[in-house]
Protein chains: 2
Amino acid sequence: MAILYHHPLCPHSRFVRLAMSEYGLEADLVEEKVWERRAPFLALNPAGATPVLVEASMPSVPGADVIAEYLDETRGLALGDRRLLPESPRERVETRRLTDWFNRKFFDEVSSHLVMEKIYKRFMPTNLGGGAPEMAAIRAGRANIRYHLKYVGYLIRQRKWLAGDRLTYADLAAAAHFSVVDYLGDVPWDEDETARGWYARVKSRPSFRPLLAESVPGTAAAPHYADLDF
Amino acid sequence: MAILYHHPLCPHSRFVRLAMSEYGLEADLVEEKVWERRAPFLALNPAGATPVLVEASMPSVPGADVIAEYLDETRGLALGDRRLLPESPRERVETRRLTDWFNRKFFDEVSSHLVMEKIYKRFMPTNLGGGAPEMAAIRAGRANIRYHLKYVGYLIRQRKWLAGDRLTYADLAAAAHFSVVDYLGDVPWDEDETARGWYARVKSRPSFRPLLAESVPGTAAAPHYADLDF
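Residues numbered from 1 in each chain as written. Chains lettered and ligands numbered in written order. Predicted model: local features only at pLDDT ≥ 70, side-chain atom pairs only at ≥ 80, totals over all residues. Heavy atoms only, no water.

As annotated in an unreviewed UniProt entry, chain A carries the name Glutathione S-transferase and comes from Hansschlegelia plantiphila. In UniProt, chain A has this text filed under Subunit (unreviewed entry): "Homodimer." (UniProt positions renumbered as here; feature names shortened; annotations may be inferred.)

Remarks on the UniProt feature "domain: GST N-terminal" (unreviewed entry) in chain A
Those residues carrying the UniProt feature "domain: GST N-terminal" (unreviewed entry) are residues 1-79 of chain A in this numbering. For residues 1-79 of chain A, helix accounts for 38% and strand for 19%, while the C-alpha atoms at its two ends are 20 Å apart. (Helix = DSSP H or I, 4+ residues; strand = E, 2+ residues; numbered from the N terminus.)

Describing the packing of aromatic side chains
Each aromatic ring pair is characterised by the separation of its centres together with the angle its planes make. Residues and elements named next belong to chain A. Summed over all chains, the structure comprises 34 aromatic pairs over all chains. Centroid distance Y183 to Y225: 5.1 Å. Interplanar angle 75°. Geometry classified as edge-to-face. One end of the pair, Y183, is in helix α6 (residues 169-183); the other, Y225, is in the segment after α8 (209-212), and 42 residues separate them in sequence. Given the relative accessible area of 0%, Y183 is considered buried. (Phe/Tyr/Trp six-rings, centres within 6.5 Å; stacked < 30°, edge-to-face > 60°. Buried < 20%, exposed > 50% of the residue type's maximum accessible area, 1.4 Å probe, protein only.)

Quick notes on the UniProt feature "domain: GST C-terminal" (unreviewed entry) in chain A
As recorded in UniProt, the sites labelled "domain: GST C-terminal" (unreviewed entry) are residues 88-221 of chain A. Along residues 88-221 of chain A the backbone is 65% helical and 0% strand, and the end-to-end C-alpha distance reaches 39 Å.

Some thoughts on the interface of chain A and chain B
Listed per partner, the contact involves 26 residues of chain A and 26 residues of chain B. Note on chain A versus chain B: buried area summed over both sides is about 2200 Å², and carbon and sulfur give 62% of it. Our count for the chain A to chain B interface comes out at eight salt bridges. Here E73 of chain A ties to R96 of chain B by a salt bridge, and the two come within 2.7 Å at their closest N and O atoms. Our count for the chain A to chain B interface comes out at 10 residue pairs in polar contact (both at pLDDT 80 or more). Examining the composition of the side of chain A that touches chain B, we find that 10 residues originate from one element, helix α4 (residues 89-123) of chain A, more than from any other. When the residues that make up the side of chain A that touches chain B are grouped by side-chain class, the tally is 12 nonpolar, five polar and nine charged. (Contact = heavy atoms within 4.5 Å. Buried area = accessible area lost by both parts, 1.4 Å probe. Salt bridge = Lys/Arg side-chain N within 4 Å of Asp/Glu carboxyl O. Polar contact = N/O pair within 3.5 Å; in protein donor to acceptor, adjacent residues only side chain to side chain. Nonpolar A, V, L, I, M, F, W, Y, C, P; charged D, E, K, R; others polar.)

Structure (structure tokens):
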């Protein structure tokens with residue numbers, strides 16, 4: 001069976017877990033504490049980041065975007081019109097644009113700050129950057145998420161799913177990033193009911209269940225986190 | 001003809017210009033000052049970043065990685081064994097891993113700091129973040145580039161090109177990022193002769209010529225910048 005090196009609250013890992021589940025692929029999950037910079041892990045991904053997918057007869061596949069393209073190329077066609085990266089150039093551009101929006105822009109502006117300050121730093125030794133959270137970074141993440149939430153609402157008022165009329169990688173990436181922030185209780189859902197409705201739809205999918213059951217020692221999930229009717 | 005919104009020292013724009021030239025595609029170049037956040041430009045790319053490719057009969061294609069995948073899917077096959085994203089899943093993983101390494105990791109650690117502090121800030125109004133360069137950021141970029149240069153040398157001691165035995169997107173992305181830092185005179189080529197040899201090979205390609213002829217008002221290129229035998 002494949003192995004996925006991940007962290008429970010790494011949004012990029014969650015994106016790949018959702019995608020693999022939608023493809024019907026199973027993997028053994030191995031939790032990786034990237035700040036330890038373990039040599040065997042660095043051999044799998046010299047960039048030292050999760051997620052990394054290891055399948056039999058292939059070198060390791062490192063990084064959420066590389067894994068997503070790899071899964072599309074090796075398994076996408078079999079999904080027919082449920083393919084997560086749709087066929088036409090136009091739809092592929094829009095799906096990739098928005099997947100990148102969340103995996104990169106939302107991460108840089110929101111989820112990286114909140115996960116780093118509120119979770120990772122608690123587990124990292126002081127000499128590797130651990131310690132008390134920086135409130136300025138948390139405040140920045142909480143301020144920035146508001147316009148991303150609005151953007152989701154704006155898109156969903158025009159389309160059924162983020163990139164068009166069907167579920168794509170863009171929805172899975174966005175929901176993965178929102179889900180870690182939601183675990184921490186930092187998504188102001190009241191500010192956009194359309195965005196909330198979209199997240200409720202993604203959250204109700206069977207692929208989402210394992211994420212909702214997950215917890216991190218010492219930081220309980222926000223009370224509504226696993227509630228499908230939040 | 002296609003239009004490419006770019007900035008002369010934006011490394012992601014340079015990567016796309018190199019790729020388009022290798023594909024034999026021409027585009028009208030339109031310089032975009034992203035910090036002005038022009039509404040018509042934001043309509044083409046809500047993320048507000050260069051590069052953006054606009055072709056007839058297609059919505060805009062925003063972002064270097066999205067453009068690279070789009071070009072591969074619409075023009076790649078015609079290049080046969082000169083395709084910049086090779087066919088096999090294994091080679092595609094390695095090419096994408098290293099393209100992402102430079103477009104993201106090298107950018108975050110090196111080229112974004114140096115271009116922002118030494119170039120963009122000179123043209124940005126003070127209220128949009130312009131002003132004197134932050135020396136700490138410049139020092140960080142100059143320190144970080146050293147291990148990236150070593151990594152290029154390490155790879156090229158095992159392979160002809162960065163991702164394998166042929167030129168790929170990985171070489172173009174890496175060379176694009178190194179080229180902007182080289183324009184500023186901040187690549188310590190003396191520290192790795194193998195990496196220097198690789199860059200000399202990429203720099204000698206016809207696709208590179210327009211980049212070497214480019215200049216930015218008020219900041220002259222380092223003396224060896226356009227020299228093929230540096």
